[in-house]
Amino acid sequence: MNEESIESTLHEERLFPPPAEFSAKARIPDRATLDSLVQAANEDFEGFWAAQARAEITWHKPFKTVLDSTNPPHYQWFTDGELNVSYNCLDRHLQDKADKIAIIFEGEPGDITTFTYHQLHQRVCRFANVLKAQGVTEGDRVVIYLPMVPEAVIAMLACARIGAIHSVVFGGFSAESLKDRIEDAEAKLLITADGGHRGGRIVELKAAANRALKEGCNSIQHVIVLQRTGHDIDMTEGRDLWWHEAETRIDGNCEPVWLNAEHPLFLLYTSGSTGKPKGIQHASGGYLLGALTTMKWVFDIRDEDIFWCTADVGWVTGHSYIAYGPLAAGATIVMYEGTPTFPDPGRFWKICQDHGVTIFYTAPTAIRALMKYGDDLPAGYNLSQLRLLGTVGEPINPEAWMWYHCIIGGERCPIVDTWWQTETGVHMIAPIPGAVPTKPGSCTLPLPGISAAVVDEKGHPITTPDRGGYLVITKPWPSMLRTIWGDDQRYYDTYWSKFGSQYYLTGDSARRDKDGYFWIMGRTDDVLNVSGHRLGTMEIESALVAYPKVAEAAVVGRPDDIKGEAILAYVILKGSRPTGGVGKTLTEELRAWVADQIGPIAKPDEIRFVDSLPKTRSGKIMRRLLRTIARGEPITQDTSTLESEAILSQLQGKE
Ligand code: WT7
């Protein structure tokens, strides 16, 4: 978040109490009920989480140990308990919810498919047997590279059923990114599709998978291919098989494998400060518990709700609030394959209307993008079923919040601004909609059992209202990451070195106002937040310098009205600095290259070719200075290391 928007939220004084009609029916109907939960967690932290875990999860073998802190920061939860996550998402609903709709799927072309819990259970069991037939067993890694279709959820749950560890790779990532992730996870099996529908075009998933597998990925033994688009693709005999063919002659019964609560459920790769994405590793029991409690506390989920989270299953939001959370809670979800603007920007509102969505969860960037089309567009749809709205992924500016509140929510729906991360697994700081008054732009207060603080450089809590600092989590929590796959050292270094193994470092900066409300200010590391997607500046830089013509590159973020942050790359080419038309052609070449290396989301919005970059005496790129320049703010830093005035105007994009 840039300083300008910090300024604008600093003056944000509006307070929106929970609507009485909402609170009257809410699971947590008032502040006193919430306070008693928070207090229970403060008084007996382990007792609180143990009670939640017993109430929410169906255990095969009950746990005795709640939190094991003997080897920090490798905290473990419910370690001696046994469960199966797919059992908790499916089998346990079969008695009273077998015919309840679990998934309403709408493809981008308009095709609609529904699955009851009974049907979903059958599909998952059958596919779990397909996985077994391909030699997948407990602990094996399976990479899922699929469009936003129900089979993505089926594949995840099938892995969970047999104890295989899935790693979903977002369909918008390139062949190169897919390959890196497969290799890091040493995955045995890849599940992909011929393609998916997005923005009226076909996303060529199988073609990308073929490219990834051509250059490496030696651990992959088989590829299962879902037929979605039906267009021609290349299949490799002996390695690739069609999903629908693999399912014929396969037994439909599959008993869940009972697993230790700490058994890894999934890996999900995310960007950090270095070039290489890290495989965030989540465990089974604690993660499931967090997914369930937040569905109830933050989303106030009820049996009759139609819950729609617009995220992709390739991100943690899709894991927790498309797959695991809602299904474990026995809810009905909507799943949509395509973009919000296809065939027109009314698509989201039409889906809400057609399927009677009651809880709608999306990203601020989507709200800002749709807001641009004006108030008449949503007014053309019946949105009266909506009762709760949510946002995630980046700070929401008060203007977008107000639009969401008035135009989409009809001033009747509370908005839950949920702060969390891939690493935290589930919501951490978010309003309880029936109990906590909201303020536009604030994620409000930590959830029961979650201890968050804003601390200074030395780790001391900041008590002055509105003074920014490091956002840390001061106690372990059940759904926390367990480590970085195969790299414990990076786990310590990234999250537990600045303030020791007591405080989990989130990487965000935040401030608390006079009421104790949290306001997220932005990242403190070299991570960008572009349209709610997390990208490392180093990741984009290494992609750029991998291009033969590039000598050096520095990437910074700059505020953007729609995307939150836009990507600006400073590039030094081998040879002379291009100008005019040559520069334009090279810009397009480089943008295409980055899309190829990482994915279209990482394409720089602007590239400035320069003769040199500002560096400190020890040779480090002066990123802060570059950020200041990128934002067009007055320069307060020392620029004496710059070779000339001409360089400054190059950096400013003036020539
Ligand atoms: C980063 C985590 C959480 C799922 C989606 C992103 C930013 C997330 C908010 C929010 C302000 C937010 C933070 C965080 N972020 N939610 N409500 N307000 N910032 O997961 O890719 O792991 O990114 O997203 O900077 O650290 P992620």
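Residues numbered from 1 in each chain as written. Predicted model: local features only at pLDDT ≥ 70, side-chain atom pairs only at ≥ 80, totals over all residues. Heavy atoms only, no water.

J.: How should the overall build of the protein chain be read in this particular structure?
T.: A count of helical and extended segments in the protein chain gives 22 helices and 30 strands. Relative to the globule expectation of 26 Å for 655 residues, the C-alpha radius of gyration of the protein chain, 24 Å, shows essentially globular dimensions. In terms of overall dimensions, the protein chain has C-alpha extents of about 75 × 65 × 60 Å along its principal axes. Expressed as a percentage of its 655 residues, the buried residues of the protein chain come to 62%. Total accessible area computed for the protein chain in this model is approximately 24500 Å², and 48% of it derives from carbon and sulfur atoms. The positive charge centre, built from 65 side chains, and the negative charge centre, built from 84, are 1 Å apart in the protein chain. (Helix = DSSP H or I, 4+ residues; strand = E, 2+ residues; numbered from the N terminus. Rg over C-alpha atoms; globule rule 2.2 N^0.38 Å. Buried < 20%, exposed > 50% of the residue type's maximum accessible area, 1.4 Å probe, protein only. Areas by Shrake-Rupley, 256 points an atom, 1.4 Å probe, with all protein chains shown as cover. Lys, Arg positive; Asp, Glu negative; His and termini not counted. Charge placed at Lys NZ, Arg CZ, Asp CG, Glu CD.)

J.: Explain the site of the ligand here, please?
T.: Near the ligand, the surroundings consist of 17 residues, among which Asp-417, Thr-418, Thr-422, Arg-523 and Arg-534 are the closest. Separating an oxygen atom of the ligand from a side-chain N or O atom of Arg-523 is a distance of 2.7 Å. Between Arg-534 and the ligand, the recorded distance is 2.7 Å, taken from a side-chain N or O atom to an oxygen atom. Within the complex, the protein chains bury 95% of what would otherwise be the 540 Å² of accessible surface of the ligand. (Near = heavy atom within 4 Å. Polar contact = N/O pair within 3.5 Å; in protein donor to acceptor, adjacent residues only side chain to side chain.)

J.: Can you help me understand the confidence of the model for the protein chain in this one?
T.: Low pLDDT marks stretches whose predicted atomic positions should not be read closely. Of the residues in the protein chain, 99% have a pLDDT of 70 or more, and the chain-wide mean is 95. Two summary scores accompany this predicted model of the complex, namely pTM at 0.95 and ipTM at 0.99. (pLDDT = per-residue confidence, 0-100.)

J.: Quick question: what am I supposed to make of the packing of helix α12 (residues 285-297) against helix α13 (residues 316-328) here?
T.: When two helices pack together, their arrangement is given by the angle between the helix axes and the distance between those axes. With their axes 8 Å apart at the nearest point, α12 and α13 run at an angle of 80° to one another. What the angle tells us is that α12 and α13 run roughly perpendicular. For the pair α12 and α13, contact is made by Tyr-287, Leu-288, Ala-291, Leu-292, Thr-294 and Met-295 and by His-319, Ser-320, Tyr-321, Tyr-324, Gly-325, Pro-326 and Ala-328, respectively. Class assignment of the residues belonging to the contact of α12 with α13 gives a composition of 9 nonpolar, 4 polar and no charged. (Axes fitted to C-alpha atoms, helices over the stretch in contact; angles between N-to-C directions. Parallel < 35°, antiparallel > 145°, perpendicular 65-115°, else oblique. Contact = heavy atoms within 4.5 Å. Nonpolar A, V, L, I, M, F, W, Y, C, P; charged D, E, K, R; others polar.)

J.: What is the right way to read the UniProt feature "domain: AMP-dependent synthetase/ligase" (unreviewed entry) in the protein chain from this model?
T.: Per the UniProt record, "domain: AMP-dependent synthetase/ligase" (unreviewed entry) is annotated on residues 91-477. What you have in residues 91-477 is 30% helix and 22% strand, and the ends, taken at the C-alpha atoms, are 27 Å apart. (UniProt positions renumbered as here; feature names shortened; annotations may be inferred.)

J.: What is the right way to read the environment of Ile-540 from this model?
T.: Here Ile-540 is to be found in helix α19 (residues 537-545). Classification of Ile-540 as buried rests on a relative accessible area of 0%. Not counting the four nearest positions on each side in its chain, Ile-540 is found in contact with Leu-528, Leu-535, Val-555, Ile-567, Val-594, Ile-598 and Ala-602.

J.: What is the right way to look at the environment of Ser-273 in this model?
T.: Along the polypeptide, Ser-273 turns up in the loop between β14 (264-270) and β15 (278-283). Look at Ser-273 and you get partly exposed, because its relative accessible area is 28%. Distance from Ser-273 to Leu-528, taken between C-alpha atoms, is 9.7 Å for residues 255 residues apart in sequence.

J.: Would you take a moment to explain the sheet that holds strand β20 (residues 415-418) for this structure?
T.: Note on sheets: strands pair through backbone hydrogen bonds, and any given pair is parallel or antiparallel. Spatially, the 7 strands line up as an open sheet ordered β5-β4-β17-β16-β18-β19-β20, and their pairing is mixed. Pairing within the sheet leaves two strands with one partner each, and these edge strands are β5 (112-116) and β20. Each strand of the sheet is rotated relative to its neighbour by a mean of 20°, with strand direction disregarded. Bridging between strand β19 (residues 388-392) and β20 involves 4 bridges; their strand directions are parallel. Note on β20: the bridge partner recorded for Thr-391 is Asp-417. Packed on one face of the sheet, α13 meets β4 (101-106), β16 (306-309), β17 (332-336), β18 (359-362) and β19 and runs near 160° to β16. (Pairing = 2+ DSSP bridges.)

J.: Sorry if this is basic, but what is going on with the nonpolar core here?
T.: Nonpolar side chains tend toward joint burial in soluble globular proteins. Core analysis: the largest hydrophobic core is formed by 171 residues, its most contacted members being Ile-191 and Tyr-324. Among the elements that line this core, the one with the most residues is helix α8 (residues 150-162), at 10 residues. In this structure Ile-191 touches Phe-127, Leu-131, Val-142, Val-143, Ile-144, Tyr-145, Leu-146, Ala-155, Ile-224 and Trp-243, once residues within four positions along its chain are discounted. (Core = buried A, V, L, I, M, F, W, Y, C linked by side-chain atoms within 4.5 Å.)

J.: Is there a simple way to think about α19 in this case?
T.: For the α-helix, the turn length of 3.6 residues means that residues three or four positions removed from each other point alike. Residues of α19 that are buried include every one of Thr-537, Glu-539, Ile-540, Glu-541, Ala-543 and Leu-544, and no others. Contacts made by the buried residues of α19 are with β26 (527-530), β27 (533-536), β28 (550-560), β29 (564-573), α20 (580-597) and α21 (623-630).

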